[in-house]
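A closer look at the structure
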Amino acid sequence: MNRVKVVICGREYTIRTDEEPTYVYNLARKLEKNIAELVGINVNQSVYSASVMIALSTLDEMNHCNEDNDNLRLQLKDYADEASRARLERDSALREVELLKNRIAELEKKSGK
């Protein structure tokens with residue numbers, strides 16, 4: 001596990017993570033940029049308030065992504081089920097074709113006698 005020190009809005013945080021330090025540094029930079037943008041838009045907004053708003057926005061985005069992932073999983077399951085049914089139908093049709101070929105061969109033998 002990595003211990004990564006980052007500075008966000010002038011405050012140092014030590015984060016323990018399995019992620020690469022560069023990844024964590026990039027997250028911290030993005031968070032600091034987002035906070036600065038919110039505080040810049042509304043000078044009366046504190047860093048704390050901006051952080052809460054960003055946290056809420058991030059959770060909202062994460063929830064929407066999770067819903068999208070769930071929908072994609074359901075679609076993939078439906079596609080897999082449909083493909084399985086199509087394989088079963090194909091196999092059944094191939095067996096029927098084979099039976100019909102055999103039947104034709106039998107009829108040709110009988111008519112040739």
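Check the entry above for the structure.
Described in the following lines is the structure provided in the data block.

**With respect to the overall build of the protein**
Per the secondary structure count, the protein includes two helices and two strands. When the helices and strands of the protein are listed from N to C terminus, the series reads β-β-α-α. Rg of the C-alpha trace for the protein: 31 Å, well past the compact-globule value of 13 Å for 113 residues, more than 25% over. Once the C-alpha set of the protein is aligned to its principal axes, its extents read approximately 100 × 35 × 15 Å. Burial status across the protein gives 9% buried among its 113 residues. For the protein, restricting intrachain contacts to residue pairs at least 6 apart in sequence, the fraction spanning at least 24 positions comes to 9%. In the structure as shown, the protein presents an accessible area of about 9,800 Å², 54% of it carried by carbon and sulfur atoms. Of the charged side chains in the protein, 18 are positive and 20 negative; the average position of the first set lies 7 Å away from that of the second.

**With respect to a negative patch on the surface**
Taken together, the side chains of Asp60, Glu61, Glu67 and Asp68 make up a negatively charged region of the molecular surface. Relative to the helices and strands, Asp68 is located in helix H2 (residues 47-112). Since its relative accessible area comes to 45%, Asp68 is described here as partly exposed.

**Here's the deal with unusual backbone geometry**
Positive phi, normally seen in glycine, also occurs at Cys9, with a value near 55°. Mapped onto the elements, Cys9 comes out in the loop between strand E1 (2-8) and strand E2 (11-17).

**Here we look at a nonpolar patch on the surface**
On the surface, Tyr48, Val52, Met53 and Leu56 cluster together into a nonpolar patch covering about 430 Å² of accessible area. Mapping Met53 onto the fold places it in helix H2. Looking at Met53, the relative accessible area reads 45%, which means it is partly exposed.

**Side note on the pairing of E2**
Sheet topology note: the E1/E2 ladder contains seven bridges and is antiparallel. Paired with Val7 across the strands is Glu12, a residue of E2. Here E1 folds back onto E2, and the loop between the two strands holds two residues, one of which, Cys9, carries a positive phi near 55°.

**Considerations on the side chain of Thr17**
With respect to the secondary-structure elements, Thr17 resides in strand E2. Of the polar contacts made by the side chain of Thr17, one reaches the backbone nitrogen of Glu19; its length is 2.9 Å. Residues within four places of Thr17 in sequence aside, it is in contact with Met1, Asn2, Val4 and Val24.

**Topic: the pattern of salt bridges**
Using the criterion set out here, one finds five salt bridges in the structure. The partner of Lys33 in a salt bridge is Glu37, and the shortest N-O contact between them spans 3.6 Å. Here the residue Lys33 and the residue Glu37 both occupy positions in helix H1 (residues 21-41), the gap between them amounting to four residues, near one helical turn.

Criteria and thresholds
- Residues numbered from 1 in each chain as written.
- Predicted model: local features only at pLDDT ≥ 70, side-chain atom pairs only at ≥ 80, totals over all residues.
- Heavy atoms only, no water.
- Helix = DSSP H or I, 4+ residues; strand = E, 2+ residues; numbered from the N terminus.
- Rg over C-alpha atoms; globule rule 2.2 N^0.38 Å.
- Buried < 20%, exposed > 50% of the residue type's maximum accessible area, 1.4 Å probe, protein only.
- Contact = heavy atoms within 4.5 Å.
- Areas by Shrake-Rupley, 256 points an atom, 1.4 Å probe, with all protein chains shown as cover.
- Lys, Arg positive; Asp, Glu negative; His and termini not counted.
- Charge placed at Lys NZ, Arg CZ, Asp CG, Glu CD.
- Patch = residues over 30% accessible without salt bridge, like charges linked within 9 Å, V, L, I, M, F, W, Y side chains within 5 Å.
- Salt bridge = Lys/Arg side-chain N within 4 Å of Asp/Glu carboxyl O.
- Pairing = 2+ DSSP bridges.
- Polar contact = N/O pair within 3.5 Å; in protein donor to acceptor, adjacent residues only side chain to side chain.

Distances and angles like these do not, on their own, reveal function.
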